[in-house]
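Take a look at the letters that make up each chain.
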Amino acid sequence: MAALGDVAKARGMAKIAEVSGLGRESLYKALRPSSKLRYETVQKIVSALGVKLTVTTTRAA
């Protein structure tokens, strides 16, 4: 989330908030280190940034 926050700040928090459908203040709160985010919120931020999250195993299954 820290990396997403850095990218969002670099691209402009107001723009990312608008594209994601979140309020600017809500976006700042969501990206705080102590926040407990819902998956839906993470997905909105990721989508607004135009990036993709992937999950992989750390070892062979």
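Conventions used here
- Residues numbered from 1 in each chain as written.
- Predicted model: local features only at pLDDT ≥ 70, side-chain atom pairs only at ≥ 80, totals over all residues.
- Heavy atoms only, no water.
- Helix = DSSP H or I, 4+ residues; strand = E, 2+ residues; numbered from the N terminus.
- Contact = heavy atoms within 4.5 Å.
- Buried < 20%, exposed > 50% of the residue type's maximum accessible area, 1.4 Å probe, protein only.
- Arc of directions from axis to C-beta.

1. Notes on the side chain of S20
Structurally, S20 can be placed in helix α2 (residues 13–20). Once you skip the residues sitting within four places of it in the chain, S20 turns out to touch K44 and A48.

2. Description of α2
M13, I16, A17 and S20 are the residues of α2 that are buried. Considered in projection along α2, the buried side chains sweep an arc of 100 degrees and stay on one side of the axis. What points out from α2, more than 90 degrees from its buried face, is the exposed set K15, E18 and V19. Each element contacted by the buried residues of α2 is listed here: α1 (2–11), α3 (24–30) and α4 (39–49).

3. A few points about the environment of E40
One can find E40 in helix α4. Overall, the relative accessible area of 48% leaves E40 in the partly exposed class. Each C-alpha atom of the pair E40 and A60 lies 29 Å from the other, and the pair is 20 residues apart in sequence.

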